[in-house]
Amino acid sequence: MRTRHGILALLILLAAAVPAAALEGEIAFLRGDQPASRQVCLVDLATGTVRPLGPGEYDGAPVFSPGGARVAFAAGAGAARRIHVVHVDSGETQVLETAHPWSDHPAWSPDGGALAYETGAGAEALPLIGVYTFPEPELTPGEETAKVTRETGEAIWAGSREGLLRPVYLPNLDLSRFLDPRHELQVPGVDIPRLWEEGSATGALLTMGIDLRDGAVRTEIYVVTSAQVMPLLLDMVIKESARFVEWGVAVDRKGQQVAFETNDGGDREVFVLGRRGAIDMSNHRAADWNPVWPRKGDWLAFESFRGGRRGVYVVYPKTALVRPVAASPDCDNWSPAWSPDAETIAYVSNASGVPRLMVVPFHGGEARALTEGATAEAAPAWRPRAGK
Amino acid sequence: MRYAATMAALAAFSFAAAAAPHISRPMAGMPAVVTPGDAFPVLLSEAAELGLRAPEATYPLPAPDAAGLCMLPPETKPGVYALEARNATGTFRRAAAVHVLAAWPDAYTVAHVGNLGLAAGDAEARSRAAAALAEAAQAPTSLILISGPVTRDGSSEACTQVESLLAALPVPSVIAPEADASAAFAAHFGAAPNGLRFGADAYFALDTSGALPLEDTAPALAGLYSSRRAFRAARWSIGVTRRYSFAVGMRAQIALFVDDPLDVLLVTTAPEVEGEVLRGVPWGRTRLLPAPADSPVQRYTVSLAGVRPAVPPGNE
């Protein structure tokens, strides 16, 4: 009896010693009060230890490879801005050799074997899309990766078309099943069957496209392969024919849903394009933007001003149910990033007066700061766990 | 334990009571522009008695409310006032912090000055800036907007020079926060607001400085969007920036030129896209009004008819 009580007391003591929401894993983020000094850093969630990964020269937002071994980001300003790839565990850094001096906004291929990015003559130039292929894909054989044969090094995609920005990889070509217009529409200058063939062979991207013809700007979402560019033809799925300004495209892990922003409806909304067409998921008179898919589960995170301040919300696309995750009338919360198991969301909050990293359980619970100090933080990215 | 906590509380109280007050806002460069009976925001370091001081009149002010707003007495005469904060340990004064207008004008002239570029120890830059500001302040100017780097070196000395030059002007002058991302500038002027109301009109400052301006991750983006929404009902919405480039942050451009388009964007440098000078922001509705290359000051008339370059004196 005495022993049983002793064990019970020990268990109670152990439970009290473990924080209610003990976190594991690592988050890469930007730290620095001014753009010139911003540095990519990594925080270990179990210990709170922070270590630098980037050079601290205008470092850009970090993006983890699908297996979590490497992190990519742009760094530098002035004459050159280059894509840096850091092996997270060893700290070894590779600066990509690119033909143009200014590259930004990298995005990993689904197998971790390539990076797509904006590249061009400088910050003021309309960018091209570059794709840098590494000798080996990151993910191990047996996992669902796009098995393609490619030459290593840099290639300029989209037939060298200018004005393409913010590339994201399509995990597969499932989109073509419900967007393929080969029997219905002709797109001048685009060989649509060849585009999908190319996509099958070398992969395909979605990018934002800037069209500056006639002195007016239009933005659209484009499907991009090594030699082809095709508008995503949202007119097929959005009934209105008026032209809207789209931005912030994000593809879900299965490649079956594309989230994006548009001002269709009079203000900025988050739409999801899937088998049912393009549907307004956020539908509110205040701006909704920056959709972010998790690696697991079906919810979509986004930012909204519906509460009067910038806040983080989630929507369940099948029902368009929206609920707040980190929203307050007293501060701004932004830049949501899902944990690999989609149980926790990291974000940035200025509740303390300085932008700081926070985490909050997705299913509800108390938000808490991840780091200490008074230096501004931004752009969290959760490290994926290999094979998950 | 209780004793220690009590001593700590007493120490904190005595520290607070011993500190002299400091006024962070308003100040010359970021003044309160009000009509009698209006409220204006005041940011104080310590509780203090407030007052408006001018050679010809003095007005005690009520303490700011919980939101930091201070009500201007309805009997206040129009003029330029110093704001004074006083407590048991000292007095702090901000020269030319409050500009009281008799009424908001329906039509007025605004002057845009770019690139003051003051620096520690640079007397020539100071006299050049003083001349440009004196020209901008000449009648019939009602408001001066200052964009571009107001200091070249971001030094504390240059910031003090800026404040003293602006405090000597008879009309309110507002710094658009741009290209002055230094610790000294932040310490001296604090975080500048993104938006300003001047009567029926709203002004917005775009910080397009630096190699990576207005990024999507920037905290200022929320302030820009919120100000734009808050001032949506303005007669004219007017952006102020040193330069416009299509390369500035896309999300900020979408907020200001697509979702809630500004009517006009005042720039000090004529913008180009692919070698061609722009007449409007290429997103659509926002007109671009660049300053002439041969003048540091550009004046505009703002009225029911719109925002137009003012006709120089003698050329009417």
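Each value, and the rule that gives it
- The residue numbers shown here count from 1 along each chain, following its written sequence.
- The order in which chains are written sets their letters, starting at A; the order in which ligands are written sets their numbers, starting at 1.
- In keeping with the predicted nature of the model, local features appear solely for residues at pLDDT of at least 70, side-chain atom pairs appear and are counted solely at 80 or more, and the whole-chain, interface and lining totals rest on all residues.
- Based on all heavy atoms of the structure, the side-chain values leave hydrogens and waters out of the count.
- A simple rule labels every residue: compare its accessible area, found with a 1.4 Å probe on the protein chains alone, to the largest value its type can have, and call it buried under 20%, exposed over 50%, or partly exposed in between.
- Per the convention used, a helix needs a DSSP run of H or I reaching at least four residues, while a strand needs a run of E reaching at least two, with both numbered from the N terminus.
- Two strands form a pair only when DSSP identifies at least two bridges running between them.
- Lines are fitted to the C-alpha atoms to define the axes, a helix being fitted only along its stretch in contact, and any angle between axes, read from their N-to-C directions, falls within 0 to 180 degrees.
- Pairs of residues are marked as contacts when any of their non-hydrogen atoms sit within 4.5 Å.
- Salt bridges are defined as contacts in which a side-chain nitrogen from Lys or Arg sits within 4 Å of a carboxyl oxygen from Asp or Glu.
- N or O atoms within 3.5 Å of each other form a polar contact, as long as, within protein, one can give a hydrogen and the other can take it, and as long as residues adjacent in sequence are counted only when both atoms are side-chain atoms.
- Ten residues, namely Ala, Val, Leu, Ile, Met, Phe, Trp, Tyr, Cys and Pro, are considered nonpolar, four, namely Asp, Glu, Lys and Arg, are considered charged, and the remaining ones, Gly among them, are considered polar.
- Within 6.5 Å between ring centres, the rings of Phe, Tyr and Trp (the latter by its six-membered ring) count as paired, and their orientation is classed by plane angle as stacked under 30 degrees, edge-to-face over 60, tilted in between.
- Both a distance and an angle decide whether a charge sits over a ring: NZ of Lys or CZ of Arg must be within 6 Å of the ring centre and within 35 degrees of the ring normal.

A. View of the pairing of strand S9 (residues 114–120) of chain A. Residue and element names in this part refer to chain A. Burial runs high along S9: seven of the seven residues are buried. On S9, burial covers both faces: Ala-114, Ala-116, Glu-118 and Gly-120 on one face and Leu-115, Tyr-117 and Thr-119 on the other are all buried. Of the pairings in the sheet, the one linking strand S8 (residues 102–108) to S9 comprises five bridges and is antiparallel in character. Following the sheet pairing, Ala-107 is matched in S9 by Ala-116. Here S8 folds back onto S9, and the loop between the two strands holds five residues, one of which, Gly-112, carries a positive phi near 75°. Here S9 pairs with strand S10 (residues 128–133) via six bridges, running antiparallel. Residue Tyr-117 lies in a different strand from S10, and its bridge partner there is Gly-130.

B. Region of interest: the sheet that holds strand S11 (residues 153–156) of chain A. All names here are of chain A. Read from one edge of the open sheet, four strands run S8-S9-S10-S11, paired in antiparallel fashion. Both edges of this open sheet fall to S8 and S11, since each of them pairs with a single strand only. Here the average twist between neighbouring strands, direction ignored, is 30°. Sheet topology note: the S10/S11 ladder contains four bridges and is antiparallel. Bridged to Gly-130 within S11 is Ile-156.

C. Local environment of the interface of chain B and chain A. Taken together, the contact between chain B and chain A spans 26 residues of the former and 37 residues of the latter. In this structure, the connection of chain B to chain A is made through two salt bridges. Applying the counting rule to chain B against chain A returns four residue pairs in polar contact (both at pLDDT 80 or more). For the side of chain B that touches chain A, the elements supplying multiple residues, two or more each, are helix H5 (220–230) and helix H6 (250–259) of chain B. For the side of chain B that touches chain A, a count of residues per class yields 16 nonpolar, three polar and seven charged.

D. The arrangement of the packing of aromatic side chains in detail. This structure, assessed with the given rule, holds 15 aromatic pairs over all chains. Their ring planes at 70° and their centres at 5.6 Å tell us that Trp289(A) and Tyr225(B) sit as a pair that is edge-to-face. On the criterion of chain membership, the pair formed by Trp289(A) in strand S20 (residues 288–292) and Tyr225(B) in helix H5 is interchain, its members lying in two chains. Tyr225(B) shares its class with Trp289(A); the two are buried. Taking the centre distance of 5.9 Å and the plane angle of 65° together, the rings of Tyr59(B) and Tyr81(B) count as edge-to-face. Of the two residues, Tyr59(B) sits in strand S6 (residues 57–61) while Tyr81(B) sits in strand S8 (residues 79–87), which places them 22 residues apart along the sequence. As far as burial versus exposure is concerned, Tyr59(B) and Tyr81(B) are alike and both buried. Chaining the aromatic ring pairs together yields one cluster made of Trp299(A), Tyr316(A), Trp338(A) and Phe362(A). Above the plane of the ring of Tyr313(A) lies Arg306(A), whose end atom (NZ or CZ) is 5.5 Å from the centre.

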